[in-house]
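# Per-entry structural report
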Amino acid sequence: MTGEAERRSEWPLVLSGLVALTGLVTLTFYDWRNGVLIFAGGVLLAALLRLTLSDPAAGLLRVRGRMFDTALLAGVGAAIGLLGLIVPN
């Protein structure tokens, strides 16, 4: 039962990682700007999940305190998204 509970707590990281991976694939093979914005969305999704989920449910997204993790992820996601929008073609 312990292994199953540990596995379940990894879904927030896996979900946000899959969104970020989709962004990297899009960035590499299709349009770089859309890929960067999708990647930023994955990081912002991680911030949202870390903010809303309890500490045990956040699983591997939990590194430090909730506010620190959320602020860091939101800041990095916003910075990546902003850079993706303002860099010229």
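Treat the numbers as computed from the prediction; the structure is a model and nothing was measured.

## Remarks on the overall build of the protein
When helices and strands are counted, the protein shows five helices and zero strands. The helix and strand sequence of the protein, counted from the amino end, reads α-α-α-α-α. When its C-alpha atoms are laid out on the principal axes, the protein stretches across 50 × 25 × 15 Å. Scored against the burial criterion, the 89 residues of the protein give a buried share of 28%. Sequence separation of at least 24 residues holds for 57% of the intrachain contacts in the protein that already meet a minimum separation of 6. Accessible area of the protein: about 5800 Å², with a carbon and sulfur share of 71%. Between the mean site of the 7 positive side-chain charges and the mean site of the 6 negative ones, the protein shows a separation of 4 Å.

## Re helix 3 (residues 32-52)
An ideal rise of 1.5 Å per residue puts 30 Å on 21 residues; helix 3 measures up with 30 Å between its terminal C-alpha atoms. Within helix 3, the full set of buried residues consists of Arg-33, Gly-35, Val-36, Ala-40, Gly-42, Val-43, Ala-46, Ala-47, Leu-49 and Arg-50. Buried residues along helix 3 sit in contact with helix 2 (11-29), helix 4 (55-58) and helix 5 (66-86).

## So, the pattern of salt bridges
This model, assessed by the stated rule, comprises three salt bridges. Note that Arg-50 is salt-bridged to Asp-55, the shortest N-O span being 3.0 Å. Overall, Asp-55 belongs to the partly exposed group, its relative accessible area being 32%. Arg-50 is paired through a salt bridge with Asp-69; the nearest N and O atoms lie 3.0 Å apart. Note that Arg-50 is positioned in helix 3 and Asp-69 in helix 5, a separation of 19 residues in sequence. Residue Arg-50 shares its accessibility class with Asp-69, and that shared class is buried.

## Describing helix 5
Taking 1.5 Å per residue, 21 residues should reach 30 Å; helix 5 reaches 30 Å between its end C-alpha atoms and fits that length. Of all the positions in helix 5, only Asp-69, Thr-70, Gly-77, Gly-81 and Gly-84 are classed as buried. One face of helix 5 carries all of its buried residues, which in axial projection span an arc of 95°. Turned more than 90 degrees off the buried face of helix 5, the exposed positions are Met-67, Ala-71 and Ile-86.

## As for the side chain of Thr-70
You can see Thr-70 is positioned in helix 5. At 2.8 Å, the side chain of Thr-70 and the backbone oxygen of Arg-66 are in polar contact. In this structure, Thr-70 is in contact with Ala-47, Arg-50 and Leu-51, ignoring residues within four places of it in sequence.

Cut-off values and rules
Position numbers for residues start from 1 in each chain and track the written sequence from start to end. For a predicted model such as this one, the threshold for reporting local features is a pLDDT of at least 70, and the threshold for listing and counting side-chain atom pairs is 80 or more; totals across whole chains, interfaces and linings nevertheless cover every residue. As a rule here, side-chain values come from all non-hydrogen atoms in the structure, and water together with hydrogens is ignored. Secondary structure elements follow DSSP: runs of H or I no shorter than four residues count as helices, runs of E no shorter than two count as strands, and numbering proceeds from the N terminus. Any residue under 20% of the maximum accessible area for its type is buried, any over 50% is exposed, and the rest in between are partly exposed; the area is computed with a 1.4 Å probe on protein chains only. The contact definition used throughout considers only heavy atoms, calling two residues in contact when any of these lie within 4.5 Å. Only the protein chains shown count as cover for residues, and the accessible areas themselves come from Shrake-Rupley with a 1.4 Å probe. Note that His is not counted, nor are the chain ends; the positive residues are Lys and Arg, and the negative ones are Asp and Glu. Lysine's charge is taken at NZ, arginine's at CZ, aspartate's at CG and glutamate's at CD. By this rule the span expected of a helix is its residue count minus one, scaled by 1.5 Å. For this document, the term salt bridge refers to a Lys or Arg side-chain nitrogen within 4 Å of an Asp or Glu carboxyl oxygen. To obtain the arc, one takes the directions from the helix axis to the C-beta atoms. Definition of a polar contact: a pair of N or O atoms within 3.5 Å, with one able to donate and the other able to accept a hydrogen when the atoms are protein atoms, and with sequence-neighbouring residues admitted only if both atoms are side-chain atoms.

So far we have only geometry, and geometry alone does not tell us how the molecule works.
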